[in-house]
Amino acid sequence: MKVKFKDLRVLDARHRQRLLHAIEDVLKHGQLLLGPEVDLFEKKIADYCGVEYCVGLASGTDALLLALQSLNIGKGDEIITTPLSWISTLHAIHFVGATPVFVDIGEDFNISVALIEDKISSKTKAILPVHFKGRICKMEAINKIAKKYSLYVIEDAAQSFGSSYLGKKAGSFGDIGVFSMNPMKVLAACGEAGAIVTNNKEIYDKIMHLRYLGTVDREICTMHSLNAKIDTIQAAILMENINHLDEIIQDRIKIAKFYNDNLSDIVTCPEINDSPQNRIALFDYAILAQDRDRLKSFLEDNGIEAKIKHAILMPDQPAYSHLSKSDLPVARRIVSQILSLPFYEKLDQVDFAYVAKKIRAFYETKN
Ligand SMILES: *Cc1c(COP(=O)(O)O)cnc(C)c1O
């Protein structure tokens, strides 16, 4: 038996046909760059998130970078963020020349709000929380702190498109919400893609220029920037995939609940919220496991692909060895125990039941 971590093939023939039609339409009209599907995609994303504006971008990394640039964040500014994220989050801060300030996380894998205020200095410009694995951070508390100290809030919502909290969608709490729609994400393109959402017209206008090399009317260059436009074909594909998003989220919640029901007495499982006000669009299903490395090899020996995401905290990555070592006890413990199990909406019942059975077998034979 083999159980893959994720499977990106489009095996459903009807859905494959819908995607091919979407691509065909773009090939017929030929506006491969900023074609009409890009505008439609942006309207759809803004509506879905309950915000005024969306800009489609080439990737989540570009979205983070342009978000910071649009707020004039740069050299001498400090950004408060989490140590546990995909390295993109830190790269974006690095590339605008700002200094990251890391705040430890809580048991929910997200930035620990109670520790933020201690790290605020006269140089702090923004808080950049990451909704890790799809779980939205304590945004009402984060916004309160931001207001008190006049800080921007940029949500790295790359892993949480479709999640809601307090009746609001991920990305709609801060000044700017950043998404990735790369093929690993819950709302996925068939290649690289990303977006930002905002209610601020000025930010929106600026990011529209920033994504096109800092040009106005595609000719006069007023800002330094790179090319970060979303492809029309990816926008067309995403418009199709978003129609199925709620179903995808529900299917993932079902699998997550099965894992929880079968594993929560032996490992630490994530809390699964699925009320309309508070729903998690789960990106990854991650447990905290004792003897994690041996469990991972045991699963591999049984044909099950599990992954550690992430084994190394961002500030501990070799590329950031110049940063002073931060005291991050919870984050360090969590990355020593975290393990992501096979998890995607098309995962078969037989497969996830087998994964759960093998994890139980590992702990039961040990004792
Ligand atoms: C995927 C991801 C990104 C980067 O998105 P790309 O589209 O791959 O550039 C940024 N932050 C987080 C938390 C992510 O998971």
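Placed above this text is the structure.
Residues numbered from 1 in each chain as written. Predicted model: local features only at pLDDT ≥ 70, side-chain atom pairs only at ≥ 80, totals over all residues. Heavy atoms only, no water.

### Some points on helix α1 (residues 13-29)
The end-to-end C-alpha distance of α1, which contains 17 residues, comes to 25 Å, matching closely the 24 Å that a straight helix rising 1.5 Å per residue would cover. If you check which residues of α1 are buried, you get His 15, Leu 19, Ala 22 and Val 26. One side of α1 holds all its buried residues, which, seen down the axis, span an arc of 55°. Turned more than 90 degrees away from the buried face of α1, the exposed residues are Arg 14, Leu 27 and Lys 28. At its buried positions, α1 is contacted by α2 (36-49) and α7 (232-242). With a side-chain oxygen lying 3.1 Å from the backbone nitrogen of Arg 14, the N-terminal cap of α1 falls on Asp 12. (Helix = DSSP H or I, 4+ residues; strand = E, 2+ residues; numbered from the N terminus. Expected span 1.5 Å × (residues − 1). Buried < 20%, exposed > 50% of the residue type's maximum accessible area, 1.4 Å probe, protein only. Arc of directions from axis to C-beta. Contact = heavy atoms within 4.5 Å. Polar contact = N/O pair within 3.5 Å; in protein donor to acceptor, adjacent residues only side chain to side chain.)

### Things to note about the sheet that holds strand β2 (residues 78-81)
Taking strand neighbours across the sheet as the criterion, the 7 strands line up as β1-β9-β8-β5-β4-β2-β3 in an open arrangement whose pairing is mixed. Two strands close off the open sheet at either side, each with one partner strand: β1 (53-57) and β3 (99-102). Each neighbouring strand pair of the sheet contributes to a mean axis angle of 25°, computed without reference to strand direction. The pairing of β1 with strand β9 (residues 194-198) spans 5 bridges and is classified as antiparallel. Looking across to β9, one finds that Val 55 is bridged to Ile 196. Helix α3 (residues 60-70) contacts β1, β2, β4 (124-128), β5 (152-156), β8 (176-180) and β9 of the sheet and is inclined by roughly 160° relative to β8. The strands touched by helix α4 (residues 88-95) within the sheet are β2, β3, β4 and β5, with β3 carrying the most contacts at an inclination of about 140°. (Pairing = 2+ DSSP bridges. Axes fitted to C-alpha atoms, helices over the stretch in contact; angles between N-to-C directions.)

### Some points on the site of the ligand
Looking at the ligand, there are 16 residues lining it, with Gly 60, Thr 61, Gln 159, Ser 180 and Lys 185 nearest. The backbone of Gly 60 places a nitrogen or oxygen atom 2.7 Å from an oxygen atom of the ligand. Between the ligand and the protein, one listed contact pairs an oxygen atom with a side-chain N or O atom of Gln 159 at 2.8 Å. The fraction of the free accessible surface of the ligand (380 Å²) that becomes covered by protein chains is 93%. When residues of the shell around the ligand are traced back to their parent elements, those giving at least two are α3 and α4. Counting residues per element, the shell around the ligand draws most heavily on α3, which supplies 3 residues. In terms of residue class, the shell around the ligand is made up of 5 nonpolar, 9 polar and 2 charged. (Near = heavy atom within 4 Å. Areas by Shrake-Rupley, 256 points an atom, 1.4 Å probe, with all protein chains shown as cover. Nonpolar A, V, L, I, M, F, W, Y, C, P; charged D, E, K, R; others polar.)

### Describing the nonpolar core
Side chains of a nonpolar character, in soluble globular proteins, are inclined to be buried together. One finds Ile 45, Phe 161, Met 181, Tyr 259 and Leu 341 to be the most contacted residues of the largest nonpolar core, which totals 78 residues. Discounting residues that sit within four places of it in the chain, Tyr 259 has contacts with Ser 264, Cys 269, Tyr 285, Leu 341, Pro 342, Phe 343, Leu 347, Phe 352, Val 355 and Ala 356. By size, the runner-up hydrophobic cluster in this structure holds 28 residues, among which are Tyr 53, Leu 68, Ala 126 and Val 178. (Core = buried A, V, L, I, M, F, W, Y, C linked by side-chain atoms within 4.5 Å.)

### Focus on the packing of aromatic side chains
Per the stated rule, a full pass over the model turns up 11 aromatic pairs. Between Tyr 259 and Tyr 285, the aromatic rings sit 4.8 Å apart at their centres with planes inclined by 40°, giving tilted as the arrangement. Pair noted here: Tyr 259 is in helix α8 (residues 245-263) and Tyr 285 is in strand β12 (residues 285-288), with a separation of 26 residues, a long-range link. Among the residues examined, Tyr 285 registers a relative accessible area of 0% and is labelled buried. Directly above the aromatic system of Tyr 212 lies the positively charged group of Lys 229, at a separation of 4.0 Å from the ring centroid. (Phe/Tyr/Trp six-rings, centres within 6.5 Å; stacked < 30°, edge-to-face > 60°. Lys NZ or Arg CZ within 6 Å of the ring centre and 35° of its normal.)

### Focus on unusual backbone geometry
Of note, the bond from Lys 309 into His 310 is cis; its omega dihedral lies within 30 degrees of zero at 10°. Structurally, His 310 is set in the loop between α9 (292-301) and α10 (329-337). Positive phi values are uncommon outside glycine, yet Lys 133 reaches one of about 65°. Looking at the secondary structure, you find Lys 133 in the loop between β4 and α5 (139-148). Here Asp 217, not a glycine, exhibits a phi torsion of approximately 55°, which is positive. For Asp 217, the position within the fold is in the loop between β10 (215-216) and β11 (220-221).

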